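Close look at the chain arrangement
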Amino acid sequence: MKLEPPPFFKIFKRLDKFILCIAVSTSVAIAVISAYLLYNFEDKIINIETTTASSYIANQTFNAMYQIMKRGWNEKQVKGFIGVLKKSSKNEKMVGVSIFRGEVVKKQFGPVPQPKEDNAVKKAFETKEVVHKTIKGKKIYAYPLLTEPMCLRCHTIAKAGDVNGVVEVSFNTTNLTNKFKNYYFLILFLIFILPISGGVFVTLILRRSIKYGIESINKEVENIKTAKDLKLLDTRLIDLKFEEFNQIYKGVSSLSTRLKDIAVDKDVLEFEIKLLERFIITSEVVKDWKEHVFNLLIEMNNIIKVYNVFSIFIQDENLIEIEVFWKEEPTEKTKKIFDKLIYQSIYHNGLNSFFTEGIGSHEIFHNVADKNSKLPELSENDLLVQTKKVILDTLHIGVIVGIGIQAEEQIDTVRGLVISSVLTTFLNVIGSVKAIYRYTKELEYYVTRDGLTSLYNQRVFMEFLHYEVERSKRSNNAFSLVFIDIDNFKLINDMYGHNFGDKFLKAIADILEKEKRSEDILARYGGDEFVMIFPGAKEEQAYMISDKIRESIKKFSLLDSNTRRLVGATVSIGIAVYPYSAADEKDLFLLADNMMYKAKKMGRDMVYTANEEDAISVYKEVSEKSKMVLNALEQDIILPYFQPIINLNTGRLIAHELLMRIRLETIKGELPNIISAGEFIEIAENIGVAYKLDLILLEKAFRKIKEEGYKSDMFINLSPKSLIVTDYVKTVKRLSLKYNIDTSKIVFELTERETVRNITLLEKFVVNLKYEGFRFAVDDFGSGFSSFLYIKRLPIDLLKIDGEFIRGIFEDKMDRAVVMSSISIAKEMGIKTIAEFIESKEVLTELRKLNVDYAQGFFIGMPSENFSK
């Protein structure tokens, strides 16, 4: 409850009443103090004055008497002098003077008529000192007349120091006291009334002035409608008559100066809100970022006159992109002036260090928002340029964004804030777009190229092979597939080290690149294996080209800097010709691969071309594996295996990956023959039973989870093609309900075993399962195009970085770049990362430094039939 002050105290809320109260209080206080002082000092003043006067009268009386005595006065003259004194004392009501003879004088000259001696006179005779007494209301002063040497001529019987007589001066102070009291009351009256009158007068004047000052200030404040109007308080200074009020007004003006630096108009706030929306970098913004900048430029002109905004994107030493966005069409002269300002911005912001020999000649692109409006010709003095920059040292990227403002425009703090916000937004858009663009380009390159040799990688090669088969069908032309493997390359790695082995592989890749025809397609399939497509080449021509390659490699040797030895090698080459050796790319590839191994069995350093018998033998082996898969389905010998996944920061076990195995029958007493999925999954997909294997494995895993009360996450490999099989999603839902599975603990890994052409259909099924609580991860991220399509179109929760890149994180810069780029993309999208194929403590430590979230691999734990603890 708020307590209200008493009514009396409310008067102190008004300055005029407060001053009046102070004046009255002061007058009363002064009057009381004055009365006290006057009353107490009255006697002191009268005593001082009578003492001074009596001393003077006594001296004058004695001097007059002495002058007469010097001339030798007689008895008659003495009596006449005394009579005059008596007569004057009677006439003077206030002062009386009497002379008393001492005993010595009486003895020598006889007595004279004199008043009766009072106590004061007696005491003066006795003490020979001046005596002051009040007797019957009179102030009595008795002054002894002591014998001086000059007196001894007449007073012959007296001795020096004797009292010859006493002069008594008496004062009647009644009249004086009455007069003093009259003045006393007059003074008190004046002391009391004058301050009050002055206070009333000052109050009236002050009240009028205060009213005028307050009304003037209120009028000025009421005129403030926008943040700009705050400036007017500085320019419209008014005189409020009193210096104190002028100081208050100056204080208000000073406050307005500060307020105008922080005050923001409604339109500025609305613009700032729109700017916040611009910070959201969507795929549409990345795609149409120039249109985004144009809209920003037009909106800015509602706040401040802006001619243009520009961006300078610098990457390494050979790439500079400069874009200028004009609101209206500038003249050619204006463009040249602004080009000069841009180059100055590059040096001013310190980005010239990106160039080894200066900036050189680079084209500047001018973009215009409204080409129908013409901008008047501008000089260098007409433009004020402000910039903001960001430099990404790890990528060697520099970005400058700037704004061209009308030079006459007054840039206060608010507009400066707007400009800073615009530049920050612009920098965010440009920097993000360019950085994402570069990451994308790098990843696009790495997903198509081998990190060590820069040749095409396995995945893109398989797409080329598919394309070549389709083209061959349309044109009815043959082509050859060649599989190349370096003989005993493991021995080279073991003897000379992996660094030398990498150099050797690069050198072999250079030879293959040199020997192939311009239309041939060359790729590194993996390890020490290379594959080539010879378009239009049949068996004979393919053999000739391959044998020439074999001879070139046989003649080649590389010097080992440590042992100073020349190291050489041979290759085994297998050839299969389409359409004579196989009906599709998978069979063709399988046949060429087997022919390469047949060349090795026949002694290495050979080229072997598939014939009809070879094709029959290979297909028979494939048939046997197909039979093994079908038997596994029939006999229910599919086993779930589990590999642990840990949190890299804590080291705690957080999940397992579900892996598929087939247990084959063995002779009694021998260990069971366990076949990993890598040996049969491709066959299962070819014969269309992969999804059946997935569902059997899934049910067995769910059963084990329920039986053992497993609570951690479970990662399950899933072919995208399985998702679009009829009733697959329904079966997964049914199994999760049957075994009471927490769907949020199940993470499906989307693999690229089979490319899905209809991503929209796949998206539908993924979203359906996502709605049920299941989560999704992209497996082998960075190894193919589909993984990028998945994270763009599907609600992905986790991203598994391809283990091939993890293995080469120390030896290969490109592998490391892919890993770092994948981590950056995941972080930007709020997706957790998992690194697989971790086989050493050093790799584990490095991935922890790179802020990878989770880890999996043989160093963490081997796949097992049981859950890890």
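Residues numbered from 1 in each chain as written. Predicted model: local features only at pLDDT ≥ 70, side-chain atom pairs only at ≥ 80, totals over all residues. Heavy atoms only, no water.

1. Digging into unusual backbone geometry
- Tyr578 connects to Pro579 through a cis peptide bond whose omega is 10 degrees.
- Within the secondary structure, Pro579 sits in the loop between β15 (571-578) and α18 (585-601).
- Notably, Arg564 is not glycine yet its phi reads approximately 60 degrees, a positive angle.
- As for its placement among the helices and strands, Arg564 is situated in the loop between β13 (557-559) and β14 (566-568).
- The phi torsion at Asp605 lies on the positive side, around 50 degrees, for a residue other than glycine.
- Within the fold, Asp605 resides in the loop between α18 and β16 (607-609). (Helix = DSSP H or I, 4+ residues; strand = E, 2+ residues; numbered from the N terminus.)

2. Considering empty space enclosed by the protein
- Counted according to the given criterion, the structure contains two cavities of 30 Å³ or more.
- By volume, the second largest cavity is sized at about 30 Å³.
- As for the second largest cavity, its lining consists of Leu658, Asp694, Leu697, Leu698, Ile716, Asn717, Leu718, Tyr728 and Phe748.
- Counting residues per element, the ones that place at least two in the lining of the second largest cavity are α21 (690-708) and β20 (713-718). (1 Å grid on protein atoms, 1.4 Å probe; cavity = no way out; pocket = protein on both sides within 12 Å on 5 of 7 lines; lining within 4 Å. Points joined across faces, edges and corners; volume = space filled by probe spheres on them.)

3. Structural notes on the pairing of strand β23 (residues 798-801)
- Burial along β23 is two-sided: Leu798 and Lys800 and Leu799 and Ile801, pointing in opposite directions, are all buried.
- Sheet analysis places strand β22 (residues 775-781) next to β23, joined by three bridges and oriented parallel. In the strand pairing of β23, Phe781 is matched with Ile801.
- Where β23 meets strand β24 (residues 832-835), four bridges bridge the pair, whose relative direction is parallel. Paired with Ile801 across the strands is Ala835, a residue of β24. (Buried < 20%, exposed > 50% of the residue type's maximum accessible area, 1.4 Å probe, protein only. Pairing = 2+ DSSP bridges.)

4. Here's the deal with the packing of helix α16 (residues 498-515) against helix α17 (residues 539-555)
- Between α16 and α17, the shortest axis-to-axis distance is 10 Å and the interhelical angle comes to 140 degrees. Here α17 runs oblique to α16, going by the angle between their axes. Crossing geometry of α16 relative to α17 is assigned as right-handed. Residues Ile508, Ile511, Leu512 and Glu515 of α16 touch α17, and the partners they reach there are Lys548, Ile549, Ser552 and Ile553.
- Grouping the constituent residues of the contact of α16 with α17 by class yields five nonpolar, one polar and two charged. (Axes fitted to C-alpha atoms, helices over the stretch in contact; angles between N-to-C directions. Parallel < 35°, antiparallel > 145°, perpendicular 65-115°, else oblique. Left-handed = near helix turned anticlockwise from the far one by under 90°. Contact = heavy atoms within 4.5 Å. Nonpolar A, V, L, I, M, F, W, Y, C, P; charged D, E, K, R; others polar.)

5. Points about the sheet that holds strand β12 (residues 529-535)
- Ordered by their spatial adjacency, five strands build an open sheet running β11-β12-β10-β15-β16, and the pairing between neighbours is mixed. Strand pairing shows two members of the sheet lacking a second neighbour, β11 (521-526) and β16, which therefore form its edges. Adjacent strand axes in the sheet meet at a mean angle of 20 degrees, parallel and antiparallel pairs treated alike.
- As paired elements, strand β10 (residues 479-486) and β12 share seven bridges and run antiparallel to each other. The residue of β12 that forms the bridge with Asp485 is Glu529.
- Relative to β12, α16 is tilted by about 10 degrees, and along the sheet it contacts β10, β11 and β12.

6. Here's the deal with the packing of aromatic side chains
- Following the criterion strictly, the structure yields 14 aromatic pairs and no others.
- With centroids separated by 5.3 Å and ring planes inclined at 50 degrees, the aromatic side chains of Tyr496 and Phe500 adopt a geometry described as tilted. Note on accessibility: Tyr496 and Phe500 belong to one class, buried.
- Ring pairing ties together the aromatic residues Phe489, Tyr496, Phe500, Phe504 and Phe556, which thus form one cluster.
- Just above the ring of Tyr456 sits the side chain of Arg449; from NZ or CZ to the centre is 4.1 Å. (Phe/Tyr/Trp six-rings, centres within 6.5 Å; stacked < 30°, edge-to-face > 60°. Lys NZ or Arg CZ within 6 Å of the ring centre and 35° of its normal.)

7. Considering the packing of α21 against helix α23 (residues 728-738)
- Their axes nearest at 10 Å, the elements α21 and α23 cross at an angle of 15 degrees. Accordingly, the angle class assigned to the pair α21 and α23 is roughly parallel. Crossing of α21 over α23 shows right-handed handedness. Here Tyr691, Asp694, Leu695, Leu698, Glu699, Phe702 and Lys706 of α21 come into contact with α23, specifically with Tyr728, Thr731, Val732, Leu735, Ser736 and Lys738.
- Residue classes in the contact of α21 with α23 are distributed as seven nonpolar, two polar and four charged.

8. Concerning the environment of Ala507
- Mapping Ala507 onto the fold places it in helix α16.
- Judged by its relative accessible area of 15%, Ala507 is buried.
- With 50 residues separating them in the primary sequence, Ala507 and Ser557 have C-alpha atoms 9.3 Å apart.

9. Comments concerning the environment of Asn59
- Among the secondary structure elements, Asn59 is positioned in helix α2 (residues 15-70).
- A sequence separation of 84 residues divides Asn59 from Tyr143, and the C-alpha atoms of the two residues are 8.9 Å apart.

10. Notes on helix α15 (residues 489-496)
- Buried residues of α15: Phe489, Ile492, Asn493 and Tyr496, and no others. Considered in projection along α15, the buried side chains sweep an arc of 100 degrees and stay on one side of the axis. Of the exposed residues in α15, those oriented more than 90 degrees away from the buried face are Lys490 and Asp494.
- Of the residues one or two after α15, Gly497 is the one with positive phi, at around 95 degrees. (Arc of directions from axis to C-beta.)

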